[in-house]
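What follows is the residue order along each chain.
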Amino acid sequence: MTTIDVVTIFPAMIDAVLTEGVVGRARTRGLVDVTARDLRDFTTDKHRMVDDIPYGGGPGMVMKPEPLFRAVEAIAAERGAPDAVVLMTPQGRPLTHEEAARFSRMTRLVVLCGRYEGIDERVTDTLVTDEISIGDYVLTGGELPALVLIDAVVRLVPGVVGDESSVEGDSFVRGLLDHPHYTRPAVFRELAVPEVLIGGHHADIERWRARQRVTRTLARRPDLLSRVDESTLSADERRVLAQVLDEAKEHSS
Ligand code: ADE
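Thresholds applied
- Residues numbered from 1 in each chain as written.
- Predicted model: local features only at pLDDT ≥ 70, side-chain atom pairs only at ≥ 80, totals over all residues.
- Heavy atoms only, no water.
- Pairing = 2+ DSSP bridges.
- Helix = DSSP H or I, 4+ residues; strand = E, 2+ residues; numbered from the N terminus.
- Axes fitted to C-alpha atoms, helices over the stretch in contact; angles between N-to-C directions.
- Buried < 20%, exposed > 50% of the residue type's maximum accessible area, 1.4 Å probe, protein only.
- Near = heavy atom within 4 Å.
- Polar contact = N/O pair within 3.5 Å; in protein donor to acceptor, adjacent residues only side chain to side chain.
- Areas by Shrake-Rupley, 256 points an atom, 1.4 Å probe, with all protein chains shown as cover.
- Nonpolar A, V, L, I, M, F, W, Y, C, P; charged D, E, K, R; others polar.
- Domains from an automatic or database assignment.

Participant: Just checking my understanding: could you explain the sheet that holds strand E1 (residues 2-8) for this structure?
Facilitator: Sheet strands pair via backbone hydrogen bonds, and the direction of the pair is either parallel or antiparallel. Taking strand neighbours across the sheet as the criterion, the five strands line up as E2-E1-E6-E5-E7 in an open arrangement whose pairing is parallel. Among the strands making up the open sheet, the edge pair consists of strand E2 (32-38) and strand E7 (130-133). Strand-to-strand twist of the sheet, defined as the mean angle between neighbouring strand axes without regard to direction, takes the value 30 degrees. When strand E5 (residues 84-94) meets E7, the two strands line up parallel, connected through five bridges. Within E7, the residue paired with Leu87 across the bridge is Glu131.

What follows is the structure, given as structure tokens:
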């Protein structure tokens, strides 16, 4: 079983989210064990202090090293040495599908939720194995980023998502965005579902969807297209991609 221990000053934030949905079900089915640990339980002073003023001055507070070290050591003693100790921080590498997949193959993960003013650098230097950011914006703490990471990781653990082909088809697995989806009714407030999807001609539907995936990616995320691994694309996608790139070249010349 995959165990994920989250060290935070707001354990209720973690518990509130991870009891719902696919992750909640994975936990009750015994596929993953996610435990929120209150950082204050690892303090030794009367006031259960987890932060202190920064050496060198400046605004804000810095998370103290002792409680974080004690927390990770207690978790390691209970579970065994972790495969990774991840710190959520805007200073980290961007979270990608590849990073999530790498963590999903591990058995023991510890996730530290920092606060944005920062944590003592000796923690990062000696305890943390991976610093991860969920995007170029600053949040008030690492709890929401930890939830994002855990959700992305847990759904890649085998058995968590019922239909494995739904995970393999994910946008960032193959480097293409998804095609549009429609359900009944066929006409909703005068808005019709594209004709091709109604006909039931599977080859035509797949060609249409392939074109949608490629043109959408080109329009919205051209950065993905330049990195796409052609060997993961279907014949339709490869053909449409070559065509669309040709057309784009003609327009620009
Ligand atoms: N903590 C605050 N902002 C963050 C971000 N963007 N990613 C990860 N951790 C954070």
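Participant: I'm lost on the pairing of E1 in this one. Help?
Facilitator: Side-chain positions along a regular strand alternate between the two faces of the sheet. For E1, the tally of buried residues reaches seven of seven residues, placing the bulk of the element in the interior. Alternating positions in E1 separate into two faces, Thr2, Ile4, Val6 and Thr8 on one and Thr3, Asp5 and Val7 on the other, with burial throughout. Relative to E2, E1 runs parallel, the two sharing seven bridges. Bridged to Thr3 within E2 is Asp33. Sheet topology places E1 next to strand E6 (residues 108-113); five bridges connect them, and they run parallel.

Participant: I keep staring at the site of the ligand and nothing clicks. Help me out?
Facilitator: Surrounding the ligand, one finds Met88, Thr89, Pro90, Ile132, Ser133, Ile134, Gly135, Tyr137, Val138, Leu139, Gly141 and Pro145. One of the backbone nitrogen or oxygen atoms of Gly135 is found 3.1 Å away from a nitrogen atom of the ligand. Here a nitrogen atom of the ligand sits 3.0 Å away from a polar atom, N or O, in the main chain of Leu139. Contact with the protein chains hides 99% of the accessible area of the ligand, taken as 260 Å² for the molecule alone. Residue assignment for the shell around the ligand shows that the elements contributing at least two residues are E5 and E7. With three residues, the single largest contributor to the shell around the ligand is E5. Split by residue class, the shell around the ligand holds eight nonpolar, four polar and no charged.

Participant: Would you take a moment to explain the domain arrangement of the protein chain for this structure?
Facilitator: The figure often quoted for interface size is the accessible area lost as the parts come together. As assigned here, the protein chain comprises domain 1 (2-154) and domain 2 (187-252). The gap between the C-alpha centroids of domain 1 and domain 2 is 39 Å.

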